[in-house]
Amino acid sequence: MNSNTLRNLRNLHSWTGVLCGLIVFVVCFSGTIALFYEELYQWEQPDQRHNFSTPQSLNLNQRIEELLEQYPESREQRINVAVPNAQRPALIIERHDANGEDVRHSFTVENSKQLENRPSAAEFLRLWHTRLHLPSPYGGYTVGLVGMIMLLAIISGILTHRKFFKNFSVFRPGRSKRLFWADAHNVFGVWALPFHLMIAFSGALLGLATLFLSIIALVNFSGDTQAARDLILGSTPTAAQQAATMVDIDALLVDAEQRGGEIEFLAITHWGNANAHLNVFSHDHSSFDDQVVHRYWLRDGSWRESWSLGQSSGGMVYAALTPLHFGSYGGMGMKILYAFLGFGSCFLIISGLQLWLTKQARPAFFQRLVHGISLGLTVATLAALYGNKISPSADNIGVLFFGCWAGVMALCFATPSLRHCRLVTLIMAGSLCCGLPIIDRLVSSESFSAWLGNIWVSGVNAAALLGGVALLWTASKALKNDGENVAWVERSDTQTID
Amino acid sequence: MDTARSFTFFYSISVLLLAPVAAFAVALSMSLYLPISMENKIFFSGIAMPVLWVSTLLWGFSAHSTGKALLGIFAVALACIGSILIGMEF
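So, a few notes on the structure that sits alongside this text. (Residues numbered from 1 in each chain as written. Chains lettered and ligands numbered in written order. Predicted model: local features only at pLDDT ≥ 70, side-chain atom pairs only at ≥ 80, totals over all residues. Heavy atoms only, no water.)

## Let's talk about the overall build of chain B
Thinking step 1. Summing up its helical and strand segments, chain B has three helices and zero strands in all.
Thinking step 2. When the helices and strands of chain B are placed in sequence order, the string is α-α-α.
Thinking step 3. By principal-axis analysis of the C-alpha atoms, chain B measures approximately 50 × 25 × 20 Å.
Thinking step 4. With 90 residues in all, chain B has 44% of them scored as buried.
Thinking step 5. Sequence-distant contacts, at least 24 apart, represent 74% of the contacts inside chain B between residues at least 6 apart.
Thinking step 6. Carbon and sulfur atoms make up 76% of the accessible area of chain B, which totals about 4800 Å². (Helix = DSSP H or I, 4+ residues; strand = E, 2+ residues; numbered from the N terminus. Buried < 20%, exposed > 50% of the residue type's maximum accessible area, 1.4 Å probe, protein only. Contact = heavy atoms within 4.5 Å. Areas by Shrake-Rupley, 256 points an atom, 1.4 Å probe, with all protein chains shown as cover.)

Next comes the structure, spelled out in structure tokens:
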């Protein structure tokens, strides 16, 4: 590779990072938290914490009928059902209102009692990661483009690295600030390179899948996207003119279970119609291309087909992308590894930006912006989790999240010393993190031993405590070390930045 | 803004706009002509799109001769769009 090409690639790596690094950071950070979407369920819903035993019957027909009597506008829409499991011991029925918005109803498994759902911060963060709360499908496209930019930055970074293997072990924290950030950037980039590449590529593809499908349909199906979708996912029958009595879904679930896989999710279309049918999504968490859909007619309970994406080789590759991206194929250990690697990706981006900032004396604005976005997002995420405990409305979670983020941004730009601002935000984030188990205990009504014995709740609380201690330790290091060799402390704040 | 800077800006915008067109055109002509099942065509051309998109951007932005690179991307896009139109029997 000649020197001009190398220089151009280095410029490309720098500019993609500088221009888009912060949005990539936002998507990566929220994605790392959203990994634990399922695990956060019991922590967020204290009323729904109890020992789970597989129910004999879900009484789904009765519950759906009662809901549709109450909300007749949802009759024509698709109804989704999340089957209870150990992580989420409540039955959730999701209907769509007249505006097409999702509305969730939770029921106890034992006595069909409808439960009050607290607003979910995990759901808020999941939507923030998958579509940045933008309208569909543009939010997905934006996140997909972020994945593309990340992929471009990673590949240009690999091509410009001449001493690839040397960077595996070179880390010199005691030298200069610039060397610290350069080594940190290289070590984090090289060690987790396959993860960064996989997450960027799968993210780009998952975000832009519907756009790609529309373009492919334009050429291969004369623009008929539905025909392309039907070929991949199977066709959905349209509603018939006549009504029909629905068969017992519980009996169909027994049949689906015998056909294989662990039932996770049901989708019902045209309830009460002669063409009503049930899709049973079964899953085996130990492999990639494992989702099988069993389809049944609800008018007579006859099995229609069993289908999986892995039936074609292309489908098998595509089916592997979702579990690969969300780390849902290897149990809790894999998710924890993904969390470390995900935070590693965040640190990679921040270290890259810090490297750019320390290369020359950049205007203080950029330094403050990087701190405001990164530490602000950390505080805002914690605020959203507090919102789940203290707020009765889902809208308030958004207000708390964006309000806290804006507050930290304002603090970063208003304080005379960036060092003090960083200390304040680190202490704030650490204290909020350590306070999560306390506020969870305050709002939960169960006994202390039951609270401590709940593995899902204790896991979240322990992780929050560990995170909080790590943040406070970082703050204390920043407070103590004013020596010139410690990178956390910018002794020249007042000279070069402020 | 001097001439060199405006040229770089103009060149960057051209590459950014042309790269997805060329990438999608290559993937679509592949989906029309590859002798595989329609299901596989959809999946593989979908998977090829981001790969080709990133490759084209890398090609465009790392090129020593910007004129040649722009012409190359444009020629590939044009050739593939032509092959798509022929394949669709326009």
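## Some remarks on helix α4 (residues 121-131) of chain A
Residues and elements named next belong to chain A.
Thinking step 1. Within α4, eight of the 11 residues are buried, leaving the element largely enclosed by the surrounding structure.
Thinking step 2. All buried positions along α4 are accounted for by Ala-121, Ala-122, Glu-123, Phe-124, Leu-125, Leu-127, Trp-128 and His-129.
Thinking step 3. The backbone nitrogen of Ala-122 has a side-chain oxygen 3.4 Å away, supplied by the residue at the start of α4, namely Ser-120.
Thinking step 4. Just past α4, the residue Leu-132 takes up positive phi, approximately 50°. (Polar contact = N/O pair within 3.5 Å; in protein donor to acceptor, adjacent residues only side chain to side chain.)

## Considerations on helix α3 (residues 66-87) of chain B
All names here are of chain B.
Thinking step 1. The end-to-end C-alpha distance of α3, which contains 22 residues, comes to 31 Å, matching closely the 32 Å that a straight helix rising 1.5 Å per residue would cover.
Thinking step 2. Three or more residues of α3 are buried, namely Ala-69, Gly-72, Ile-73, Ala-77, Cys-80 and Ile-84. Down the axis of α3, the smallest arc covering the buried residues is 125°, so these residues share one side. The exposed set on the far side of α3, more than 90 degrees from its buried face, consists of Lys-68, Leu-71, Leu-78, Ala-79 and Ile-86. (Expected span 1.5 Å × (residues − 1). Arc of directions from axis to C-beta.)

## Observations regarding a positive patch on the surface
All names here are of chain A.
Thinking step 1. A contiguous patch of positive charge, built from Arg-10, Arg-162, Lys-163, Lys-166, Arg-178 and Lys-359, is present on the exposed surface.
Thinking step 2. In this structure, Lys-359 sits in helix α11 (residues 331-359).
Thinking step 3. Residue Lys-359 is classed as partly exposed on the basis of its relative accessible area, which comes to 47%. (Patch = residues over 30% accessible without salt bridge, like charges linked within 9 Å, V, L, I, M, F, W, Y side chains within 5 Å. Salt bridge = Lys/Arg side-chain N within 4 Å of Asp/Glu carboxyl O. Lys, Arg positive; Asp, Glu negative; His and termini not counted. Charge placed at Lys NZ, Arg CZ, Asp CG, Glu CD.)

## Notes on the pattern of salt bridges
All names here are of chain A.
Thinking step 1. Inspection of the entire model under this criterion finds 10 salt bridges over all chains.
Thinking step 2. With a shortest N-O distance of 2.8 Å, Glu-305 and Arg-295 are connected by a salt bridge. One end of the pair, Glu-305, is in strand β8 (residues 303-308); the other, Arg-295, is in strand β7 (residues 292-297), and 10 residues separate them in sequence.
Thinking step 3. Taking the relative accessible area as the measure of exposure, Glu-305 reaches 25% and is therefore partly exposed.
Thinking step 4. Given the relative accessible area of 5%, Arg-295 is considered buried.
Thinking step 5. Three or more residues are tied together by salt bridges with common partners; here these are Glu-94, Arg-104, Glu-123 and Arg-126.

## Some points on the sheet that holds strand β5 (residues 262-269) of chain A
All names here are of chain A.
Thinking step 1. The sheet built from eight strands is open, its strands ordered β4-β3-β2-β1-β5-β6-β7-β8 with antiparallel pairing. With partners counted over all chains shown, the strands left at the sheet margins are β4 (114-115) and β8, one partner each.
Thinking step 2. Pairing geometry for β7 and β8, over five bridges, is antiparallel. Following the sheet pairing, Tyr-296 is matched in β8 by Trp-303. (Pairing = 2+ DSSP bridges.)

## Here's the deal with the side chain of A:Ser444
All names here are of chain A.
Thinking step 1. Inspection of the secondary structure puts Ser-444 in the loop between α14 (418-443) and α15 (448-453).
Thinking step 2. Of the polar contacts made by the side chain of Ser-444, one reaches the backbone oxygen of Arg-441; its length is 3.2 Å.
Thinking step 3. Leaving out residues up to four positions away in the same chain, Ser-444 has contacts with Pro-46, Arg-49 and Trp-451.

## Side note on unusual backbone geometry
All names here are of chain A.
Thinking step 1. Each neighbour pair has its own omega, and for Ser-136 with Pro-137 the value is 5°, a cis peptide bond.
Thinking step 2. A positive phi is found at Leu-132, a non-glycine position, where the angle reads about 50°.
Thinking step 3. Here Leu-132 shows up in the loop between α4 and α5 (138-160).
Thinking step 4. Positive phi is not limited to glycine here, since Ser-222 has a value of about 50°.

## Some words on the packing of aromatic side chains
Residue and element names in this part refer to chain A.
Thinking step 1. Tallied over the entire structure, the rule returns 23 aromatic pairs over all chains.
Thinking step 2. Seen in terms of ring centroids, Phe-124 and Phe-401 are 5.0 Å apart; in terms of plane orientation they differ by 65°. Their pairing is edge-to-face. Remark: Phe-401 occurs in helix α13 (residues 394-414) and Phe-124 occurs in helix α4; sequence separation between them is 277 residues. Each member of the pair, Phe-124 together with Phe-401, is buried.
Thinking step 3. Following the ring pairs from residue to residue traces out a cluster consisting of Phe-124, Trp-128, Phe-401, Phe-402 and Trp-405.
Thinking step 4. The aromatic ring of Tyr-37 is capped on one face by Arg-126, whose charged end is 5.0 Å from the ring centroid.
Thinking step 5. Against the face of Trp-43 rests Lys-389, its NZ or CZ located 4.0 Å from the ring centre. (Phe/Tyr/Trp six-rings, centres within 6.5 Å; stacked < 30°, edge-to-face > 60°. Lys NZ or Arg CZ within 6 Å of the ring centre and 35° of its normal.)

## A word on the interface of chain A and chain B
Thinking step 1. Counting residues at the interface gives 33 residues for chain A, matched by 26 residues for chain B.
Thinking step 2. Both sides together, the interface formed by chain A and chain B hides about 2800 Å², and carbon and sulfur atoms give 81% of it.
Thinking step 3. Where chain A packs against chain B, one counts zero salt bridges.
Thinking step 4. At the boundary of chain A and chain B, one finds three residue pairs in polar contact (both at pLDDT 80 or more).
Thinking step 5. Counting only elements with at least two residues in the side of chain A that touches chain B, the list comes to α1 (3-34), α5, α7 (193-220), α8 (225-233) and α10 (313-326) of chain A.
Thinking step 6. Considering every element that reaches the side of chain A that touches chain B, the biggest residue donor is α7(A), with 10 residues.
Thinking step 7. For the side of chain A that touches chain B, the residue count by class is 24 nonpolar, nine polar and no charged. (Buried area = accessible area lost by both parts, 1.4 Å probe. Nonpolar A, V, L, I, M, F, W, Y, C, P; charged D, E, K, R; others polar.)

This is a description of form; function is not addressed.
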